[in-house]
Amino acid sequence: MTCRITVITVSDRSFSGSREDISGPLAAHLLGEFGTVSGPIVVPDGIESVQNAIVQAIREGATVVFTTGGTGVTPRDLTPEATKPLVIKRLPGVEALLRDSTKVPTAALSRGVAGIAREGENTAFVVNAPGSTGGVRDAVAHIGPLLAHITEQMRGEESLHSAAGHSAAHAQATWRIQHRSEGQKSDAQVVRAGVTKDQISMDVLVADVADPRAGAVVTFCGQVRNHDDSRGVRAIEYEAHPDAARVVGSIANDVAAGSGACKISVLHRTGSLAVGDVALGAAVSAAHRAEAFALIEKLVEQIKLRLPVWKKQEFTDGRSEWTGYA
């Protein structure tokens, strides 16, 4: 049976429109591998708002409700408090998995709840993931391969009541967990990686990563915007360290290793750029969208973190400012 998954983003700022919801769409993309996904539905922090959203999702037939955000320790982090009264059977093992992350140290602060909830005759698996993109990725990686098995069991299908059926379901779930990373063992090919003074063509980068094995091509187009918070920006100048091209190549090879993707192409611009010019362009191809999305985010984040490029912003008020990052 196909899982029907509803994603709910819990965030005051995203609900008000003051901050873009990134975690919800990411969760929806990643969970698409494990069922049909609706959402993200964005609701403000708070017990009533979260409970109403979960209940409505279950009433509408969701078999999995995945929330992101509101699991921390601030006064407005109330997603677990909203979820607990709805859960009739907690799954502490799943909750432990959500807090066990070497990549996201703050995962230990998450108070997310996981369990089975019932609304009328409908039953759903509800899980609270952290609001960070890293927390979402870890949560989906842990629970995704289990979703079909959980939903089959909670529905009490006849095949699971027989010893043979129950054994087969467990075997299938175990196989999915054991083999979920097999497609990530191969290295992606780095087709192009460096810095350039010329305009970056996204079409060229996409052409670089064309591959008959690819079912997904994902791009990132980082362009010069006309503001930095409340300050107007008219232009940006990028100055690169002599080793910058080598660093881009090193980053590309690092993230390509074991990614399971097909190809990578990435360029960072130097020199003077006007508003709308592409400062960082990247394209990746992979057999599946999960690998492609994961790789493009890791690639961009590592470039932002490690690339020795300095940025001079020219503001509309005539002033300028140098910053030491890409």
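Reading guide: rules and limits
By convention here, each chain's residues receive numbers from 1 onward along its written sequence. Residue-level local features of this predicted model are given only where pLDDT is at least 70; pairs of side-chain atoms are given and counted only at 80 or more, and the full residue set underlies all totals for whole chains, interfaces and linings. As a rule here, side-chain values come from all non-hydrogen atoms in the structure, and water together with hydrogens is ignored. Pairing of aromatic side chains requires ring centres within 6.5 Å, counting the rings of Phe and Tyr and the six-membered ring of Trp. Pairs whose planes differ by under 30 degrees are stacked, by over 60 edge-to-face, and all others tilted. Geometrically, a lysine NZ or arginine CZ counts as sitting over a ring once it is within 6 Å of the ring centre and also within 35 degrees of the ring normal. What makes two strands pair is DSSP finding at least two bridges between them. Helix and strand definitions here come from DSSP, where helices need a minimum of 4 consecutive H or I residues and strands a minimum of 2 consecutive E residues; each element is numbered from the N-terminal end. Helix axes are fitted only over the stretch in contact, all axes being lines through C-alpha atoms; the angle between N-to-C directions runs from 0 to 180 degrees. Note on contacts: a residue pair qualifies if any of its non-hydrogen atoms lie within 4.5 Å across the two residues. In this scheme, a crossing is called left-handed if the near helix is turned counterclockwise away from the far one by less than a right angle; it is called right-handed if the turn is clockwise. Amino acids outside the nonpolar list (Ala, Val, Leu, Ile, Met, Phe, Trp, Tyr, Cys, Pro) and the charged list (Asp, Glu, Lys, Arg) are all regarded as polar, and Gly is one of them. The buried label applies to any residue whose accessible area, calculated with a 1.4 Å probe on protein chains only, is under 20% of its type's maximum; exposed applies above 50%, and partly exposed to all values in between.

### Some details on the packing of aromatic side chains
By convention here, two paired aromatic rings are described through the distance between centres and the angle between planes.
Here's step 1: Scanning the entire structure with this criterion turns up zero aromatic pairs.
Here's step 2: Over the ring of phenylalanine 315 we find arginine 231; its NZ or CZ atom is 3.7 Å from the centre of that ring.

### Digging into the sheet that holds strand β6 (residues 122–129)
Here's step 1: Across the sheet, six strands lie side by side as β2-β1-β3-β6-β5-β4; this open sheet has mixed pairing. Two strands close off the open sheet at either side, each with one partner strand: β2 (35–43) and β4 (87–90). Neighbour-to-neighbour, the strand axes of the sheet open up by a mean angle of 25°, direction not taken into account.
Here's step 2: When strand β1 (residues 3–10) meets strand β3 (residues 64–68), the two strands line up parallel, connected through five bridges. Bridging from a neighbouring strand, valine 7 pairs with phenylalanine 66 of β3.
Here's step 3: Helix α2 (residues 23–31) contacts β1, β2 and β3 of the sheet and is inclined by roughly 170° relative to β2.
Here's step 4: Contacts from helix α6 (residues 133–143) reach β3 and β6, with the element oriented near 155° to β3.

### Remarks on the packing of helix α11 (residues 244–256) against helix α12 (residues 289–306)
Here's step 1: Running from N to C, α11 and α12 point in directions that differ by 145°, and their axes come no closer than 10 Å. As α11 packs across α12, the resulting crossing turns out to be right-handed. Here Val247, Ser250, Ile251, Ala252, Asp254, Val255 and Ala256 of α11 lie close against α12, whose contacting residues are Leu295, Lys298, Leu299, Gln302, Ile303 and Arg306.
Here's step 2: For the contact of α11 with α12, the per-class residue count stands at eight nonpolar, two polar and three charged.

### With respect to the sheet that holds strand β11 (residues 261–269)
Here's step 1: Ordered in space as β7-β11-β13-β8, the four strands form an open sheet in which the pairing is mixed. Either end of the sheet is taken by a strand with one partner, and the two such strands are β7 (189–196) and β8 (216–223). Neighbouring strand axes in the sheet, compared pairwise and without regard to direction, differ in orientation by 5° on average.
Here's step 2: Bridge count between β11 and strand β13 (residues 278–286): seven bridges; the pairing is antiparallel. Across the sheet, serine 265 pairs through a bridge with alanine 283, a residue of β13.
Here's step 3: Contacts from α11 reach β7 and β11, with the element oriented near 155° to β7.

### Some remarks on the environment of alanine 256
Here's step 1: Inspection of the secondary structure assignment puts alanine 256 in helix α11.
Here's step 2: Here alanine 256 falls in the buried class, since its relative accessible area comes to 2%.
Here's step 3: Each C-alpha atom, one on alanine 256 and one on aspartate 187, is 5.3 Å from the other, the two residues being 69 residues apart in sequence.
Here's step 4: Setting aside chain neighbours within four positions, we find alanine 256 in contact with Ser186, Asp187, Ala188, Val190, Ile264 and Leu295.

### Points about the environment of glycine 135
Here's step 1: Along the chain, glycine 135 turns up in helix α6.
Here's step 2: The exposure class of glycine 135 is buried, given its relative accessible area of 9%.
Here's step 3: Between the C-alpha atom of glycine 135 and that of glycine 69, which follows or precedes it by 66 residues, the distance is 9.4 Å.

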